[in-house]
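Structural characterization, general
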Amino acid sequence: MTDATLTSNPVVSARGLKKSFGGKQILHGLDFDIPAGRIYGLIGHNGAGKTTTLNAMLGLTSYEGTIRVLGEDPFAHRARLMENVAFISDVASLPRFLRVRELFALLTNIHPNFSPDKARSFLEGTDIRPEMKIRTLSKGMVAQLHLAVVMAIDAKLLVLDEPTLGLDISYRKRFYRRLLEDYMSEERTLIITTHQVDEIEFMLSDIMFIRDGDLILHMQMETVNEKFSQLVVNEPELQVEARALAPVYEETRFGQTVMIYDGVDRARLEPLGRVSTPTMSDLFVALMQRPTANPERGQ
Amino acid sequence: MKAFSALIHREFIEHRGAFLIGPLILVALLFGATILAFTVGRVDARFSGAIFTLAPLRVYEVGFLGFGLGWLLYLISVLIFYCADGFAADKRDNAMLFWKSMPISDFRMLLSKLVAALTILPGTVYGVALLSGFLLFGVAFTTMMITGTASWGSLGNIAGVYVQVAFAILVTLVCGLLWYLPFMGVAGALATALGRWALPVSALLPALVSVLEWVTLGGLHPFDTNSWRYLEWRLAPPSTDYLDTLFVTDAPFNALTYAMTLIDQMDWLQVGLGAGLALAAIYIASEYRRRAAAN
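In short, a report on the structure.

Thresholds applied
- Residues numbered from 1 in each chain as written.
- Chains lettered and ligands numbered in written order.
- Predicted model: local features only at pLDDT ≥ 70, side-chain atom pairs only at ≥ 80, totals over all residues.
- Heavy atoms only, no water.
- Helix = DSSP H or I, 4+ residues; strand = E, 2+ residues; numbered from the N terminus.
- Phe/Tyr/Trp six-rings, centres within 6.5 Å; stacked < 30°, edge-to-face > 60°.
- Buried < 20%, exposed > 50% of the residue type's maximum accessible area, 1.4 Å probe, protein only.
- Lys NZ or Arg CZ within 6 Å of the ring centre and 35° of its normal.
- Contact = heavy atoms within 4.5 Å.
- Pairing = 2+ DSSP bridges.
- Salt bridge = Lys/Arg side-chain N within 4 Å of Asp/Glu carboxyl O.
- 1 Å grid on protein atoms, 1.4 Å probe; cavity = no way out; pocket = protein on both sides within 12 Å on 5 of 7 lines; lining within 4 Å.
- Points joined across faces, edges and corners; volume = space filled by probe spheres on them.
- Nonpolar A, V, L, I, M, F, W, Y, C, P; charged D, E, K, R; others polar.
- Polar contact = N/O pair within 3.5 Å; in protein donor to acceptor, adjacent residues only side chain to side chain.

For the rest of this paragraph, the subject is the environment of Thr143(B). Structurally, Thr143(B) is set in helix α7 (residues 120-147). A sequence separation of 105 residues divides Thr143(B) from Phe38(B), and the C-alpha atoms of the two residues are 9.4 Å apart.

Another aspect to go through is the packing of aromatic side chains. Centre distance and the angle of the planes are the two values used to describe a pair of aromatic rings. Residues and elements named next belong to chain B. Throughout the structure, instances matching the rule amount to 20 aromatic pairs over all chains. Ring geometry for Phe19 versus Tyr82: centroids 6.0 Å apart, planes at 85°, classification edge-to-face. On the criterion of sequence distance, the pair formed by Phe19 in helix α1 (residues 2-39) and Tyr82 in helix α3 (residues 56-86) is long-range, its members being 63 residues apart. A relative accessible area of 1% places Phe19 in the buried class. Judged by its relative accessible area of 2%, Tyr82 falls in the buried class. Look at Phe223 and Trp228: their rings are 4.6 Å apart centre to centre, the planes differ by 55°, and that puts the pair in the tilted class. Given a relative accessible area of 37%, Phe223 falls into the partly exposed group. An aromatic cluster of at least three residues, connected via ring pairs, comprises Tyr60, Phe64, Phe137 and Tyr162. Positioned over the ring face of Trp179 is Arg234, at 3.9 Å from the centre of the ring.

The next point concerns the side chain of Ser210(B). Within the element layout of this structure, Ser210(B) appears in helix α9 (residues 198-217). Setting aside its immediate chain neighbours within four residues, Ser210(B) contacts Pro222(B), Phe223(B), Thr225(B), Ser227(B) and Trp228(B).

With that out of the way, let us pick up the pairing of strand β9 (residues 214-220) of chain A. Along any regular strand, the residues point their side chains to alternate faces of the sheet. All names here are of chain A. Within β9, five of the seven residues are buried, which leaves it mostly tucked inside the rest of the structure. Both strand β8 (residues 206-211) and β9 contribute to a ladder of six bridges, which runs antiparallel. Counterpart to Met208 in the pairing with β9 is His218. Here β8 folds back onto β9, and the loop between the two strands holds two residues, one of which, Asp212, carries a positive phi near 50°.

Another aspect to go through is the pattern of salt bridges. Here the structure, examined in full by the defined rule, presents 24 salt bridges over all chains. Taking the shortest distance from any N to any O, the salt bridge between Arg38(A) and Asp206(A) comes out at 2.7 Å. On the criterion of sequence distance, the pair formed by Arg38(A) in the loop between β2 (24-34) and β3 (39-44) and Asp206(A) in strand β8 is long-range, its members being 168 residues apart. Per residue, the accessibility class of Arg38(A) equals that of Asp206(A), and both read buried. With a closest N to O distance of 2.8 Å, Asp117(A) and Arg120(A) form a salt bridge. Highlighted residues: Asp117(A) and Arg120(A), both in helix α4 (residues 116-123), separated by three residues, approximately one helical turn. Classification of Asp117(A) as exposed rests on a relative accessible area of 52%. Judged by its relative accessible area of 42%, Arg120(A) falls in the partly exposed class. If you follow the salt bridges from partner to partner, you end up with Arg78(A), Arg10(B), Glu11(B), Asp90(B), Lys100(B), Asp106(B), Lys113(B) and Arg289(B) in one network.

Attention shifts here to the layout of surface pockets. By volume, the largest pocket amounts to about 1500 Å³. Around the largest pocket sit 48 residues that line it, and Tyr180(B), Phe183(B), Arg234(B), Leu235(B) and Pro237(B) are the ones nearest its centre. Elements with a minimum of two residues in the lining of the largest pocket: α3, α8 (155-194), α9, α10 (226-235) and α13 (268-291) of chain B. The residue makeup of the lining of the largest pocket, split by class, is 36 nonpolar, eleven polar and one charged. For the second largest pocket, the lining is made up of 20 residues, of which Asn46(A), Gly47(A), Ala48(A), Gly49(A) and Lys50(A) are closest to its centre. Broken down by element, the lining of the second largest pocket gets its largest block of residues, four residues, from β2(A).

Here we come to the side chain of Ser13(A). Residues and elements named next belong to chain A. By the element assignment, Ser13 lies in strand β1 (residues 12-21). Overall, the relative accessible area of 18% leaves Ser13 in the buried class. There is a polar contact of 2.8 Å between the side chain of Ser13 and the side chain of Asp33. Residues within four places of Ser13 in sequence aside, it is in contact with Phe32, Asp33, Thr66, Ile67 and Arg68.

In structure tokens:
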């Protein structure tokens, strides 16, 4: 069992979640709970099953097993669920034939929890004007507009699947800052997938690593920091000692040997070299190489 | 209901080019050409006005009815393309995921497209048809005034003709939409799965059914079957013999009589069955859309 599965009323709860496409199993029976008020990073390689997992949560695809989002079966009751869930997918999916003001007017009537005033306020300070057609906006402006739309929805769960794909660094930073400052609260839960893991690391409360349809790590960030250590060791004889402590990953960077450990006491590592907490991308590279980082998962 | 109306409005915004702007441009071109023809002397106002003296009000009736027929033909063609294209537009525009993030079921989403095809979209073309009739009457009345064959006093009669013909076009439009509803529903359902390919597939399907009937039950040739005969009958527009008799008498056009005979001669059982088929097709398409990959 992982430390994030202990909550009584999770926002998302999955048991034995499986999905197959054309006879090939994409998800191999995922079990997880996501509590309220957390910011989750769902991280994995291309094709690992991140988007399929999110699609199952959002009722966009059928599945085997059980999944409940805010107590609802998402595939059976997607429409009802969407009153309290907002999401941005990894493609620029705003309807391009609309003007910005038409989009807000439509959403005001379609979505019971959408506030056009909030959406307009989120667009203040941007170059987006109400009369603009969405098809004329740049990719970055579409992302800003889409973020303004979802933040103007009073949702309990926000799911962002590669929301900043193709955007430059300044847009990406602005995007996440806006999200944290203007949207997140204790009542809201955010699930986010991205390949730029280092950019979202600062805001995450929990991470889930998914590899080839299996959940290989599901943990609070505090626990990650306590559990995993990175050691930089240069002396050959110390390297032998360090290897004896069974690092989960080892690589050479610029002539230095770097090892990552799972659950090894830092006091034992410190005499061997420089010890630090691995970054999310280092941990990602390390854990994606090995069979499992959570052998007790699903117990 | 508010959300459903908004979805119908969305359809109007997305397809206003075909149902509003295009027809308005056509009207402007026609009206402009007419004015130009009078201005450069291509049409002699005095001669044209004199023609109206033969059967002044009948010319108004026939002219507006002809316009109405033209607009109905235009509407049929754009509705065919709307059903084949509009039902697949969310996917084509890459906006499927956005609409799926809204608290609207796939069935309601598709139903709103079908309802738009029955209400706001043809209603808009009808509005333009009324405008074109108004302009036609304006031109005709002006030419009559120039030749002195009309007076301001005849405006009441002309307005009466306008109302009668406008009502007749409306009834024809409503009956036609109800009659062709199953074709729109099936084409829309096919478009949900096949996109624009729904158009040729919609044409191929009945041919396939007829060929299958011929293969299994026999017949002179693949299109000498019950299913093909039924389809031919079902594709024929609703009609009434009132218009045939209209042109051999001097009696003015009576829209109410026309409407009553048209409604009376419609096969309402077929309309009901067709509506049921359209709803079933849309439901099946919505289940497909619910399960299909959104991105």
